[in-house]
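Overview (structure and organization)
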Amino acid sequence: MAGQSADPLAAAEQRAAATVRQMRPDEKTILTHSVMPIDVHKTGAKFPEDAIFGAGYTPSISRLGVPALKETDASLGVAYLEGGRKDWATALPSAIAQAATWNPALVMRGGAMIGGEARAKGFNVLLAGGVNLVRDPRGGRTFEYFSEDPLLSGVLAGAAITGVQSNHIISTIKHLALNGQETGRKFVDMRISDAAARESDLLAFQIGIEQGHPGAVMCAYNRVNGHYACDSDYLLNRVLKHDWSYKGFVMSDWGAVHGVGAALNGLDRQSGEQLDPDVYFDSRLAAKAAADPAYAARLDDMNKRVLTAIYANGLDKFPASPGGAIDFAGNAELSAEVARQGIVLLKNDGRILPLAATAKSIAVIGGYADGGVLSGAGSSQVQGKDGPAVVRPKNGSGSQFISEQYHRSSPLAAIKARAGNATVTFRDGRYIADAVQRARQAEVAIVFATQWMAEGIDVPDLSLPYGQDELIAAVAAANPRTIVVLETGSAVKMPWLDKVAGVVEAWYPGARGGEAIAAVLFGEANPSGRLPITFPASEAQLPRPHLDGSDWVESAGLGEAKVPERQLSADYDIEGSDVGYRWFSRTGARPLFPFGYGLSYTSFEARNLKISGFNASVTIRNTGARAGDEVAQLYLLDRAGAHKRRLVGFSRISLEPGVEKRISIRIDPRLLADWNGSGWQMPAGAYEFAIGKDAETMVTRASIRLPARTWSGPAQ
Ligand code: BGC
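Everything numeric in this text was worked out from a predicted model, so none of it was measured.

1. Re helix α12 (residues 432-441)
Since there are 3.6 residues in each turn of an α-helix, residues three or four apart along the chain are aligned in direction. Among the residues making up α12, those that are buried are Ala435, Val436 and Ala439. The arc that holds the buried residues of α12, viewed along the axis, is 100°, so those residues lie on one side. Turned more than 90 degrees from where α12 packs its buried face, Ala433, Arg440 and Gln441 sit exposed. Residues of α12 that are buried sit in contact with β11 (361-365), β15 (423-427), β16 (444-451) and α13 (468-478).

Now the structure itself:
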């Protein structure tokens, strides 16, 4: 676990320092800024021939053997950017779906897959590794992030990054830090105490960095305690570079730099420079360095850091070039496997699922299920072969960039393929009476419901849009054997929950999502996903029932709202480090579905939990009739007499029916501790742990006494 592997960045640092010593002054501001090789302002801008249409380009320094940096988004696959390259790529399920697998090894394979496609297209930097905690399920990028828990998010981000970088390309981890909402994302100020940040959002980054060693960290648009994240001495110099000894480089988000002074506060590279008011990290930086030793020292350090990332990942020794072979069929199958493992069965009354092969008629309704499966929008949008099945624009401009797009993997076709002789009908759900009529005639009704999310736009609440809640309620009233399949970026409320027999959360299930959904519905795959975020019963249960700024910030799609006169801030000290289920545990509020929740077609038992030091062991048994996967979730419940609820370790395990295994789970001691201002601190006393079915349902408990301890640095 944390802090076990040697840091490849530290090993590359010496070589980088030697190269910096050979650099001429005019070469020192080549690596410190990058352009977006796209004519964003439609001025007819031209880019060097070797630049690839994508997010970023920095030219090579051939005299020193330094390769050009060619950058593309993102965590779910190689982004499409409205088709500028006229190519396509394999879409993984959304990051939150990946997280629902609780399977770092699989997430690592996903990272290796998308990194391989990036490399084959000639890119050597993938803007992946989105690890921000879901502090508000209305956040527009929830689908791009893993979870509300620092351990789960950090471990999975580390795994994804390891996979990406196994291709000799650089991965980022992003967006440092506290990008908790999109409303006013370029100016909102997240207020949070140092301790709360270190125990939550920053811990996710810290674990992700320790385990994945990303070559670069992308800082966020938002402010943190009054300072822009990309100009924050606290985040970049103190926490990241000093306390965590991070050796790679900090790149800005695209359009997140406000002046040359950011260099002194720890920013190493200005990205997408034409999106900022000015290019700060070129001649302006050179002039500063010529006049001011502090800037001169920083300039050398900035170069050293970019070069460290290049060397650590072998970008110079294993150059990527366009035209590499891609196994699209194999990659699609991997995407399907992630989807199958990440789909969460939320309700299964009367064992309506898996669907019996004997069903004679199935009414499929809504969600463009005849076309494909939903995906999230923004810079992470991936498109597969032949483009999306459906494009539903957000606004009248018809722009594809922020539009509701469905990957070409039709759940309806996949259901038909498995339904044998059953009659399968489809209604699009636009007209409720029409859908109800069909549902009434069928043995089973399956309603597909969607919640679209996009970078730059928060959802105003957790309802299903377009009247889908009413549609589901009406269908369920007509046919009690109604199953709802959700394709959502985040949590949703379910006012109809009591009326339906089954609920399947499929998230945005990626390139083969339709097949994966059908595989779960018909029992080819035994559902094993577990919720990586809490599903609240209502917005009133959230730390901020009202999403700050949602009533007055005018979004221009990508959060480009002009910095207003009025200040916008979000008080993250309300919940502090008690994000998500920890907040629910603290307030005693009952969610709709708790963090960690998920049903299976088999059943499991956990017993005999033993804790020894920072290791737990427990026996997990498959007590049902079919093979399945269980996620053993280890929670801290009580620490020295104080109520706690913290995930401190987890392990996913596959078991044949009737089989049991003793498994061990390592506990990251930081989850037992608090940040005391300069290090981690655990009080002496009894520590009570339990294996939970989810964050609210504990099944086997154990206590040990632990001595007081304090430490700084990673794990001990
Ligand atoms: C997003 C980043 C992305 C970058 C480059 C920004 O708008 O916030 O996540 O990597 O664009 O496309």
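2. Here we look at the packing of helix α8 (residues 283-291) against helix α9 (residues 293-312)
In the contact formed by α8 and α9, the axes pass within 5 Å of each other and the chain directions differ by 125°. Of the possible angle classes, the one that applies to α8 and α9 is oblique. Of the two possible hands of crossing, α8 and α9 adopt the one that is left-handed. Only Pro293, Tyr295, Ala296, Leu299 and Met302 of α9 make contact with α8, whose side of the interface consists of Leu285, Lys288, Ala289 and Ala291. Among the residues forming the contact of α8 with α9, the class breakdown is 8 nonpolar, no polar and 1 charged.

3. Some remarks on the site of the ligand
The immediate surroundings of the ligand are formed by 13 residues, with Asp73, Arg141, His175, Asp253 and Glu455 found nearest. In this structure, an oxygen atom belonging to the ligand sits 2.7 Å away from a side-chain N or O atom of arginine 141. The contact in question runs from an oxygen atom of the ligand to an N or O atom on the side chain of lysine 174, over 2.9 Å. For the ligand, the protein covers 94% of the area, taking 310 Å² as the surface of the free molecule. Split by residue class, the shell around the ligand holds 5 nonpolar, 2 polar and 6 charged.

4. What to know about the sheet that holds β11
Taken together, 6 strands build an open sheet; the order of strands is β10-β18-β17-β16-β11-β15 and the sheet is mixed. At either margin of the open sheet sits one strand with a lone partner, and together these are β10 (344-348) and β15. Averaged over all pairs of adjacent strands, the angle between their axes in this sheet comes to 15°, without regard to strand direction. In this structure, β10 lies alongside strand β18 (residues 502-505), joined through 4 bridges in antiparallel fashion. Residue pairing for β18: asparagine 348 is matched across the bridge by glycine 502. Those strands touched by α12 are β11, β15 and β16, and its axis lies near 160° from that of β11. Contacts from helix α14 (residues 513-521) reach β16, β17 (482-488) and β18 within the one sheet, and its direction differs from that of β17 by about 145°.

Rules of the game
- Residues numbered from 1 in each chain as written.
- Predicted model: local features only at pLDDT ≥ 70, side-chain atom pairs only at ≥ 80, totals over all residues.
- Heavy atoms only, no water.
- Buried < 20%, exposed > 50% of the residue type's maximum accessible area, 1.4 Å probe, protein only.
- Helix = DSSP H or I, 4+ residues; strand = E, 2+ residues; numbered from the N terminus.
- Arc of directions from axis to C-beta.
- Contact = heavy atoms within 4.5 Å.
- Axes fitted to C-alpha atoms, helices over the stretch in contact; angles between N-to-C directions.
- Parallel < 35°, antiparallel > 145°, perpendicular 65-115°, else oblique.
- Left-handed = near helix turned anticlockwise from the far one by under 90°.
- Nonpolar A, V, L, I, M, F, W, Y, C, P; charged D, E, K, R; others polar.
- Near = heavy atom within 4 Å.
- Polar contact = N/O pair within 3.5 Å; in protein donor to acceptor, adjacent residues only side chain to side chain.
- Areas by Shrake-Rupley, 256 points an atom, 1.4 Å probe, with all protein chains shown as cover.
- Pairing = 2+ DSSP bridges.

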